[in-house]
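Reading the structure
Letter by letter, the chains look like this.
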Amino acid sequence: MERAWRMAFRFHRTLAVTTRVRPSPDGFSSEREVFNCGRFIREHDDRVGGPQFRNRKGRGPFRARMHSEHQGPRQRHRGGPGGFGPNPRTRFEDDDGDVPMGDGVQDGSSQRRYNPYGRPGRRGDGRFDRDRKGSGGPGHRGGGASGGGGERGGGAAAGGKKGWFKIIIPYGKKYDKKWLLSALQNLCPVPFTPVKFSTEGHRAQFYIEDSSTANALQKISRKITDMEGYKVIVISNPCAPPLTDLKPEEMDSLKQCMSKRFDGSQQALDLNSIRTDPDLVSQNTDIILNRKHCMHAVLKIIEENIPELVSLNLGSNKLYKLDDMAELASKAPNLKILNLSHNELRSERELDKVKGLKLVELWLDHNPLCDYFKDQPNYISAIRERFPRLLKLDGHDLPPPIVFDVEAPTVIPPCKGSYFGSDDIKILILRFLQQYFSVYDSGDRQPLLDAYHDGASFSLSMPFSAQNPARCSLGEYHKDSRNLKRLKDPTTRFRLLKHTRLNVVAFLNELPKTQHDTACFNVDVNTYTNTLLSFTVTGVFKEVDGKSRDSVRAFSRVFIAVPAGNTGLCIVNDELFVRNATTEEIRRAFAAPAPTPSSSPVPTLTAPQQEMLNTFSLKSGMNLEWSQKCLLDMEWDFDKAAHVFTQMKAQGKIPDVAFIK
């Protein structure tokens with residue numbers, strides 16, 4: 001059959017496209033030649049098929065099965081039997097639609113079709129192109145050395161490609177190692193042995209030497225739920241082989257080298273350019289301090305042999321980060337001089353890893369970070385921010401530092417008792433507090449309306465916490481907390497501020513029912529004038545109902561009051577701060593029984609007991625209820641009760657409420 005040729009020309013600006021269509025046993029095939037500024041590009045196109053291939057769904061814009069897909073494996077080779085000259089078909093099978101047209105370039109220069117929807121950053125000489133041009137022959141890209149085309153990343157990968165992968169579990173440090181590995185192994189279909197399990201920052205990590213295992217671990221990400229209800233994330237990244245610890249003979253060589261470089265008279269260790277040390281080189285021992293295992297070996301030797309080290313020189317060791325030196329402050333607590341000059345540190349933030357050191361002299365010259373400061377004062381300020389005691393930087397003396405921290409550990413003195421300013425103020429406040437909290441703890445807080453001014457204001461706050469309110473032990477207070485550190489919206493701030501006494505008392509009725517330990521109240525008067533009184537009450541209370549029953553809370557309450565009547569107070573502003581009580585506060589809470597209000601504070605007594613009670617109350621200054629309690633504890637022995645009272649008063653163990661009459 002005579003071969004028919006048809007030729008068509010299409011022009012687009014500087015491009016000229018020539019299409020040749022020729023018959024084949026199964027239909028037609030075509031070739032296009034693209035002319036661009038004198039260059040010739042040949043492109044094979046088999047979108048035109050016979051009638052039997054039309055109206056079939058294909059890939060992308062193709063509606064019929066591609067002509068080359070009917071040919072055997074040998075015919076898919078470029079220039080193989082059944083082909084029509086150079087056939088860059090393998091590149092057409094790139095599933096991202098990027099079609100290079102450089103195989104037919106006559107002058108040897110590379111060309112590829114512009115694809116506005118292709119992946120950015122693809123280069124003809126990059127990693128993807130090298131995969132396509134591998135020695136594995138035709139077929140899908142990434143055939144590798146197996147000789148046959150396969151899926152992407154084929155060859156050995158299909159059967160579990162050997163290579164190292166780092167498995168990272170973000171926030172994995174909080175998990176128990178045994179629980180975490182057990183949970184991963186239970187869900188992972190491939191058994192694995194973690195290599196060099198460790199924690200870094202908040203994450204846990206280990207290494208796996210198998211791609212199929214790494215992929216299996218990656219697939220179980222978010223399929224494990226921890227005890228707090230959070231999903232465990234698993235990340236897999238290819239990496240270099242993990243570095244193992246130094247061998248015993250290498251440790252011995254390093255230890256001998258360090259002993260030669262140690263100056264006992266100055267307590268100084270010089271590890272400058274230790275990698276090129278002749279002794280280490282002669283024994284084929286590589287000590288590269290920017291590798292984690294080498295730096296840890298050095299720190300271990302320092303800790304075990306020279307913990308009193310004062311000066312350390314790590315210059316010219318190509319250090320680009322200081323993460324591996326984070327434990328230096330604990331290994332060498334007396335270190336005062338550190339030389340990090342002639343390294344590769346690029347940011348002063350790296351120094352945060354070692355800012356626990358109390359350095360007086362530091363060398364950083366010939367590091368890239370020194371070039372990022374516009375002037376010397378900024379450089380000094382940034383470094384001294386990390387090391388406030390620094391006296392010398394890069395060999396230059398600095399002005400004496402201004403520091404306020406205390407060298408010797410100090411013990412915080414015990415908190416002093418209440419401060420009232422005057423006895424009259426003391427009596428007024430204690431009477432007010434006894435009345436207020438007896439109503440507050442009674443279960444019905446509505447009578448507190450009489451304690452507040454018509455225009456009174458109230459606010460509640462609690463410590464800022466990022467924890468889920470549903471899991472927070474103070475969850476019942478969370479929604480009404482007016483913590484200004486957390487709230488930035490003015491509208492919300494205003495809404496959480498309770499105005500007028502009706503709204504204030506209505507809100508107080510919604511708070512959990514409580515029992516306050518009035519015996520441990522601490523009262524401090526801030527301001528008092530003839531028309532205003534401001535005082536702070538601190539103490540503890542426990543909740544008596546609800547899901548937090550018997551939970552002990554600590555509180556601080558600031559009252560601002562004005563005179564009401566002859567002997568009363570009226571609240572105009574009330575601020576309540578609630579937090580969880582400390583262990584010590586819980587231990588001391590409700591140690592002394594609070595007085596129980598009653599209409600008849602003194603039960604029926606014999607005449608001698610009543611006379612003794614009145615006398616004891618008059619001489620001690622305590623009210624009848626507390627005087628009776630003291631006499632009862634001493635079995636109505638007046639002299640013994642008076643002796644115990646004198647001792648306890650001198651020790652400040654009698655609460656102020658005992659003197660309210």
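Only a predicted model underlies this, so the values are computations on that prediction, with no experimental measurement involved.

A short note on the sheet that holds strand 10 (residues 235-238)
Read across the open sheet, the four strands follow the order 6-7-5-10; overall the sheet is antiparallel. The strands lining the two open edges of the sheet, one partner per strand, are strand 6 (195-200) and strand 10. The sheet shows a mean angle of 20 degrees between the axes of neighbouring strands, taken without regard to direction. Both strand 6 and strand 7 (residues 203-208) contribute to a ladder of four bridges, which runs antiparallel. By the bridge assignment, Ser198 is partnered in strand 7 with Gln205.

What about the sheet that holds strand 13 (residues 311-313)?
The seven strands are arranged 11-12-13-14-15-16-17 in an open sheet whose pairing can be described as mixed. Each edge of the open sheet carries a strand with a single partner, namely strand 11 (262-263) and strand 17 (396-397). The pairing of strand 15 (residues 361-363) with strand 16 (residues 392-393) spans two bridges and is parallel. Paired with Glu361 across the bridge in strand 16 is Lys392.

With respect to the packing of helix 5 (residues 248-261) against helix 7 (residues 292-305)
In contact at an axis separation of 11 Å, helix 5 and helix 7 are set at 60 degrees when each is read in the N-to-C sense. The angle between helix 5 and helix 7 falls in the class oblique. Here the hand of the crossing between helix 5 and helix 7 comes out right-handed. Two secondary-structure elements touch here, helix 5 through Met251, Leu254, Lys255 and Met258 and helix 7 through Ala297, Val298, Ile301, Ile302 and Asn305. Across the contact of helix 5 with helix 7, the residue classes break down as seven nonpolar, one polar and one charged.

Considerations on the packing of helix 15 (residues 607-620) against helix 16 (residues 624-633)
Closest axis-to-axis distance for the helix 15/helix 16 pair is 9 Å, and the angle between their directions is 110 degrees. Judged on the interaxial angle alone, helix 16 and helix 15 are roughly perpendicular. When you trace helix 15 past helix 16, the crossing you get is right-handed. Across the interface between the two elements, Met612, Leu613, Asn614, Phe616, Ser617 and Ser620 from helix 15 touch Leu624, Ser627, Gln628, Cys630 and Leu631 from helix 16.

Here's the deal with unusual backbone geometry
Within the chain, Asn284 stands out as a residue other than glycine whose phi angle is a positive 55 degrees. Among the structural elements, Asn284 can be located in the loop between helix 6 (278-282) and helix 7.

With respect to the pattern of salt bridges
Inspection of the entire model under this criterion finds 18 salt bridges. The salt bridge involving Asp480 is made with Lys479; its shortest N-O contact spans 2.9 Å. With a shortest N-O distance of 2.4 Å, Glu584 and Arg587 are connected by a salt bridge. Residue Glu584 and its partner Arg587 are located together in helix 14 (residues 583-588), separated by three residues, close to a single helical turn. Via salt bridges that share partners, Lys174, Asp226 and Glu228 belong to a single interconnected network.

Quick notes on the confidence of the model for the protein
Residues at a pLDDT of 70 or more form 70% of the protein, whose mean pLDDT is 77. Predicted confidence in the protein is weakest over helix 1 (residues 89-92), with a mean pLDDT of 41, and strongest over strand 14 (residues 337-339), with 96. When the criterion is pLDDT under 50, residues 1-13 qualifies, and its contacts beyond four places in sequence or with other chains add up to 25 contacts. Within the model, pLDDT remains below 50 along residues 594-603, and this stretch shows 13 contacts once partners closer than five positions in the same chain are excluded.

The rules behind the values
Residues numbered from 1 in each chain as written. Predicted model: local features only at pLDDT ≥ 70, side-chain atom pairs only at ≥ 80, totals over all residues. Heavy atoms only, no water. Pairing = 2+ DSSP bridges. Helix = DSSP H or I, 4+ residues; strand = E, 2+ residues; numbered from the N terminus. Axes fitted to C-alpha atoms, helices over the stretch in contact; angles between N-to-C directions. Parallel < 35°, antiparallel > 145°, perpendicular 65-115°, else oblique. Left-handed = near helix turned anticlockwise from the far one by under 90°. Contact = heavy atoms within 4.5 Å. Nonpolar A, V, L, I, M, F, W, Y, C, P; charged D, E, K, R; others polar. Salt bridge = Lys/Arg side-chain N within 4 Å of Asp/Glu carboxyl O. pLDDT = per-residue confidence, 0-100.

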